[in-house]
Amino acid sequence: MRTTPVQFIYLLLFTFSCLFVNAQESVSVQVNLNDAESHAVENAVIIFTPTFSAPAVSEQNQTPAIMNQIDKQFAPHVLVVQAGRFIAFPNADNLFHHVYSFSPAKQFELKLYKEFTAEPLRFDEPGIVDIGCNIHDWMLGYIVVTESPYFIKTDTHGKAQIDLPAGEYALSFWHPRAKDATPFSQNTMVFDTSKTLSLQLDTVIENDLGFDDGFGEY
Amino acid sequence: MMGLANTSRTPLTSAAVFLLTLLVSGQLYADTTLLLRGELVSQDADTSFQQQGISHQRFDDNELQLSQAILSTRLQLNSDWKLHGVFNAYSDGEKTVGVSQLFAQYRPLVRHTIKPEVKVGAFYPALSVENTDMAWLSPHFLSNSAINSWIGEELRIGGVEASLRQNGRQVRRSWSWKALAGLFKGNDTTGTLLSWRGFALHDRQSLFDDRVNFYPLPWIVNDDELNAPAWTEPFREIDNRIGFYLGGHLAYQRQSELRYYYYDNRANPIKVDPDRLYAWRTKFHSLSVRHRLSSKLTLFSQALAGSTLMGEDIVRNHFYSVYLAASYQLDNAVLSTRLDWYHVIDDDSTWRDPNRSIGQAMTLNYSRPLSELLTLSAEWQLNKGQQANRVEAQYSESFSEHSAKLAITLRY
């Protein structure tokens, strides 16, 4: 069957309108997070759980996330992954690490010799996984495993950004040094247009000094 | 376990040979560091104590010296056990190659946030906030403070230490702590050098079966007087009694740290061995603090107060020492300074053996990394004071020792 010019124009219009509707459904959310003394808060995690039937997220990235060990510190200090993701634990230090977790969400133990990368581990259960090193007590890291594919982690300036399908979301907040704190006054929020959230915690987040400069064991 | 002096192969040297064999054969996972330090010393002082001179310096001439040669290794035996060994070589002293530390560390992985640890072997009690580099070196100075120079030459634990610790970061609190207790043998002669040579400032750590010389004062060495040697073997066991120590560490984040230790070798002071070495009953309190004022400036300090008793009141001394130090990080160098003060008070009535000494020292150090492997250090030091027994050796009671050192350190 041949397509007439009018039919062709209708087809084009239909295609663009579909694209347009899809584009309309995605909104950008920017977050600026400060503590009670207006200092930027780093490593805060916000999880957006849609209360509606959100469109399926495209096949998630199957390459393992990385929790590295550099200068006797976990890097990053906080890693957020969706449940089901694999995480690799390389050792960039020229010394041993003995990484472990006793957290209910994932219990494991990895003996990481120099420049050694263990087989990636799969994190299936949502929750907070505290990880430590039995050789270097001061090493501490967190893996936040989420059910929802929508999450952000604030940077050193307390900023983060995410594109979300428009709709209503349940909000959950977590920070390693602010137990039970939240900058949200309500549990859910509707995102129908792009917006910037200027958030403030009502507690002061103390600096967490990660270095091991001579304060370690000897 | 310790103090088996002058035998051809002690259990410690056998263990060291075994450890080295394992290392060389590559049978175990090991963190190993090699450090070599050459030092050009220019000083204004009398003959060194190492040569049985009256000064408090380890070196004599103004030549290039091998002040440190260290192979430090940590072997992971399994998940819970590690073996630490520190092998040293020096260009001065009676024993130039040997072992300064060799111990096993049991550090099981436990679920509880209060975690246990046990050390068994020969090691330092961790009472210093100054000697935090590998192999009990100071990262800030070539010479240690008066307190830690003494610890380095006359004190080593040959025994067992058990501790419990909680890391504040893990439980989301700002305070971390550690409590420990240890039992040991050896160390029976500890106190000899403080009494007969006085406090000194250097970086010579005694090795196992090492012998440290001092000036042969007539009252000590004469046949018709004490008839003792002009040297000591710091880790010798004389009375078979077990000594103990207790310690506590408290730290606020990565900003401030305090360490308190109480040590008592419980030696029986009337015991003498066939070499005429006495057991010295030595006990002391040590308090160390470190505070990081900013990312560039760190302050640290230590105070020591103790006593030593030898024979039936032949020597009864009290000793005190304090240092205050600061280290400032420049763009590509570190500038450090330390003030030391020390005092030995003679409380016995043996008038032929005056042990009183008092002195102060000032040390300035500039260290600059030249590459990943090499560091250049320059250190100036003035150590001056009075020491009563110098008069017995026909010297004036006052002394003033001046030194300048230029060192290059290779770390691999």
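Residues numbered from 1 in each chain as written. Chains lettered and ligands numbered in written order. Predicted model: local features only at pLDDT ≥ 70, side-chain atom pairs only at ≥ 80, totals over all residues. Heavy atoms only, no water.

Chain A is annotated in an unreviewed UniProt entry as Methylamine utilization protein of Alteromonas australica.

(A) Structural context of the nonpolar core. Residue and element names in this part refer to chain B. Residues Trp150, Ile151, Phe199, Tyr245, Phe284 and Phe319 are the most contacted members of the largest nonpolar core, which totals 32 residues. Put simply, the parts of the chain that give this core at least two residues each are helix H2 (146-154), strand S7 (175-185), strand S11 (256-264), strand S13 (297-310), strand S14 (315-329) and strand S15 (334-346). Residue contributions to this core peak at four residues, all from H2. Tyr245 has contacts with Phe123, Pro125, Ile157, Glu161, Leu180, Ala181, Gly182, Leu183, Phe184, Tyr261, Tyr262 and Tyr263, leaving out every residue within four places of it along the chain. (Core = buried A, V, L, I, M, F, W, Y, C linked by side-chain atoms within 4.5 Å. Buried < 20%, exposed > 50% of the residue type's maximum accessible area, 1.4 Å probe, protein only. Helix = DSSP H or I, 4+ residues; strand = E, 2+ residues; numbered from the N terminus. Contact = heavy atoms within 4.5 Å.)

(B) View of the sheet that holds strand S7 (residues 85-88) of chain A. Residues and elements named next belong to chain A. What the three strands build is an open sheet, ordered S3-S7-S10; its pairing is mixed. The open sheet is flanked by strand S3 (65-66) and strand S10 (121-123), the only strands paired with a single partner. As judged from the three bridges shared by S7 and S10, these two strands associate in the antiparallel manner. Bridging across to S10, Ile87 finds its partner in Leu121. (Pairing = 2+ DSSP bridges.)

(C) Quick peek at the interface of chain A and chain B. Each side of the interface is counted separately: chain A has 36 residues, and chain B has 38 residues. Taking both partners together, chain A and chain B bury about 3,700 Å²; carbon and sulfur atoms supply 47% of that area. Our count for the contact surface shared by chain A and chain B stands at three salt bridges. Two residues, Asp130(A) and Arg172(B), come together in a salt bridge whose shortest N-O distance is 3.3 Å. At the junction of chain A with chain B, the criterion picks out 13 residue pairs in polar contact (both at pLDDT 80 or more). Taken together, the elements giving at least two residues each to the side of chain A that touches chain B come down to strand S8 (97-103), strand S9 (106-112) and strand S12 (140-146) of chain A. (Buried area = accessible area lost by both parts, 1.4 Å probe. Salt bridge = Lys/Arg side-chain N within 4 Å of Asp/Glu carboxyl O. Polar contact = N/O pair within 3.5 Å; in protein donor to acceptor, adjacent residues only side chain to side chain.)

(D) Up close: a nonpolar patch on the surface. All names here are of chain B. A cluster of nonpolar side chains, Tyr320, Val322, Leu324, Leu339, Trp341, Met362, Leu364 and Trp380, forms an exposed patch at the surface whose accessible area comes to about 680 Å². With three residues, S14 is the largest single contributor of residues to the nonpolar patch. For Met362, the position within the fold is in strand S16 (residues 357-369). When its relative accessible area of 33% is taken as the criterion, Met362 is described as partly exposed. (Patch = residues over 30% accessible without salt bridge, like charges linked within 9 Å, V, L, I, M, F, W, Y side chains within 5 Å. Areas by Shrake-Rupley, 256 points an atom, 1.4 Å probe, with all protein chains shown as cover.)

(E) Main features of the domain arrangement of chain A. Residue and element names in this part refer to chain A. What the domain assignment reports for chain A is domain 1 (26-57 + 149-207) and domain 2 (60-148). Spacing between the C-alpha centres of domain 1 and domain 2 amounts to 23 Å. Contacts between domain 1 and domain 2 engage 12 residues on the former and 12 residues on the latter. Roughly 1,000 Å² of surface becomes buried between domain 1 and domain 2 when both sides are summed, with 73% attributable to carbon and sulfur atoms. Broken down residue by residue, the surface that domain 1 buries against domain 2 is led by Pro149, Phe151 and Trp174, which jointly contribute 47%. Linking domain 1 with domain 2 are zero salt bridges, by the criterion used here. Secondary structure elements with two or more residues in the side of domain 1 that touches domain 2: strand S2 (45-50) and strand S13 (150-153). Among the elements that take part in the side of domain 1 that touches domain 2, S2 stands out by supplying five residues, more than any other. The class makeup of the residues in the side of domain 1 that touches domain 2 is nine nonpolar, two polar and one charged. (Domains from an automatic or database assignment. Nonpolar A, V, L, I, M, F, W, Y, C, P; charged D, E, K, R; others polar.)

(F) Fine view of the pattern of salt bridges. All names here are of chain B. Taken as a whole and judged by the stated rule, the model has 24 salt bridges over all chains. The residue Arg352 makes a salt bridge to Glu225 at a minimum N-O spacing of 2.8 Å. Of this pair, Arg352 sits in the loop between S15 and S16 while Glu225 sits in the loop between helix H4 (218-221) and strand S9 (231-232), and the two are 127 residues apart along the sequence.

(G) Spatial organisation of H2(B). Counting buried positions along H2(B) gives nine out of nine residues, so the element sits mostly inside the fold. Among all positions in H2(B), only Ala146(B), Ile147(B), Asn148(B), Ser149(B), Trp150(B), Ile151(B), Gly152(B), Glu153(B) and Glu154(B) are buried.

(H) Looking closely at the sheet that holds strand S17 (residues 195-200) of chain A. All names here are of chain A. Read from one edge of the open sheet, three strands run S14-S1-S17, paired in mixed fashion. For this open sheet the edge positions go to strand S14 (159-165) and S17, each flanked by a neighbour on one side alone. Recorded for the sheet is a direction-independent mean angle of 25° between the axes of neighbouring strands. Inspection of the sheet shows strand S1 (residues 26-34) paired to S17 by six bridges, in the parallel sense. Within S17, the residue paired with Asn34 across the bridge is Gln200. (Axes fitted to C-alpha atoms, helices over the stretch in contact; angles between N-to-C directions.)

(I) Here's a closer look at the pairing of S12(A). Residues and elements named next belong to chain A. Burial runs high along S12: seven of the seven residues are buried. Burial of the side chains of S12 extends over both faces: Leu140, Tyr142, Val144 and Thr146 are buried on one face and Gly141, Ile143 and Val145 on the other. Here strand S6 (residues 78-82) runs beside S12; their pairing, made up of five bridges, is parallel. Looking at the pairing, Val81 lines up with Val145 of S12. With six bridges joining them, strand S11 (residues 127-133) and S12 adopt antiparallel strand pairing. Its bridge partner lying in S12, Gly132 is registered against Leu140.

(J) Quick look at the side chain of Asp353(B). Residues and elements named next belong to chain B. Topologically, Asp353 is positioned in the loop between S15 and S16. One buried charged residue, Asp353, forms no salt bridge at all, with the nearest opposite charge on Arg352 at 8.7 Å. Within the local environment of Asp353, its side chain forms a polar contact with the side chain of Trp196, the two groups lying 3.2 Å apart. Aside from chain neighbours lying at most four places away, what touches Asp353 is Trp196, Trp219, Val315, Asp346 and Asp348. (Lys, Arg positive; Asp, Glu negative; His and termini not counted.)

(K) Fine view of the packing of aromatic side chains. All names here are of chain B. Under the counting rule described, the total for this entry stands at 27 aromatic pairs over all chains. With a centroid separation of 5.0 Å and 80° between ring planes, the pair formed by Trp196 and Trp280 is classed as edge-to-face. Taken together, the positions of Trp196 in helix H3 (residues 192-196) and Trp280 in strand S12 (residues 280-292) put the pair 84 residues apart, joining distant regions of the chain. Classification of Trp196 by relative accessible area gives buried; the value is 6%. Here Trp280 falls in the buried class, since its relative accessible area comes to 1%. Pairing Phe300 with Tyr323 gives two aromatic rings, centres 6.3 Å apart and planes at 80°, and the pair type is edge-to-face. Here Phe300, found in strand S13, pairs with Tyr323, found in strand S14; they are 23 residues apart in sequence, far enough to count as distant. The pair Phe300 / Tyr323 is uniform in exposure class, with both members buried. (Phe/Tyr/Trp six-rings, centres within 6.5 Å; stacked < 30°, edge-to-face > 60°.)

(L) Representation of unusual backbone geometry in the model. Following Ala75(A), the chain continues to Pro76(A) via a peptide bond in cis, the omega torsion being 5°. Position of Pro76(A) among the secondary structure elements: in the loop between strand S5 (73-75) and S6. Its identity is not glycine, yet Asp209(B) carries a phi of approximately 65°, on the positive side. With respect to the secondary-structure elements, Asp209(B) resides in the loop between H3 and strand S8 (212-213). Judged by its relative accessible area of 21%, Asp209(B) falls in the partly exposed class. Here the phi dihedral of Asn227(B) falls at roughly 55°; this positive angle occurs in a residue that is not glycine. Residue placement: Asn227(B) occurs in the loop between H4 and S9.

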